Amino acid sequence: MNDLTSSIWRTAYVAAILETKDALMSARVSEAREAINKRLNGHVEITPHEREALDAAVQKLATLKVQHVELIEPTPPTGDTVPPGENREP
């Protein structure tokens, strides 16, 4: 196994799973999948250990893509409503 070819897909994969910004998540996952596909279709031999890691990474990225949901920030109350437990009557 060539350490450089292995490190390219691994670096992209780690960047994807550690990404916390919603706006960048899809791009990171796509970049990681592309790097993994290049490794799988490359001419350098893949060891059984790396093949297992590649398969696990593909599965995790698929799960990550499905679970990625844009979070909606709550808006502050406008004064039209009374929060639970509070009474506005004097």
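We now turn to the structure provided with this report. Just so we're clear, the structure is a prediction, and the values are computed from it rather than from any experiment.

1. Looking at the side chain of Glu19
In this fold, Glu19 is placed in the loop between helix H1 (3–18) and helix H2 (22–40). Its relative accessible area of 13% is what places Glu19 among the buried residues. Separated by 3.0 Å, the side chains of Glu19 and Arg28 make a polar contact. Discounting residues that sit within four places of it in the chain, Glu19 has contacts with Leu24, Met25 and Arg28.

2. Focus: the nonpolar core
Judged by nonpolar contacts, the single largest core of 14 residues is most densely connected at Trp9, Val29, Ile36 and Leu61. Listing elements by their share of this core, those giving two or more residues are H1, H2 and helix H3 (48–67). A per-element tally of this core places H2 first, with 5 residues. Contact partners of Ile36, with chain neighbours within four places excluded, come to Trp9, Leu54, Ala57, Val58 and Leu61.

Rules of the game
Residues numbered from 1 in each chain as written. Predicted model: local features only at pLDDT ≥ 70, side-chain atom pairs only at ≥ 80, totals over all residues. Heavy atoms only, no water. Helix = DSSP H or I, 4+ residues; strand = E, 2+ residues; numbered from the N terminus. Buried < 20%, exposed > 50% of the residue type's maximum accessible area, 1.4 Å probe, protein only. Polar contact = N/O pair within 3.5 Å; in protein donor to acceptor, adjacent residues only side chain to side chain. Contact = heavy atoms within 4.5 Å. Core = buried A, V, L, I, M, F, W, Y, C linked by side-chain atoms within 4.5 Å.

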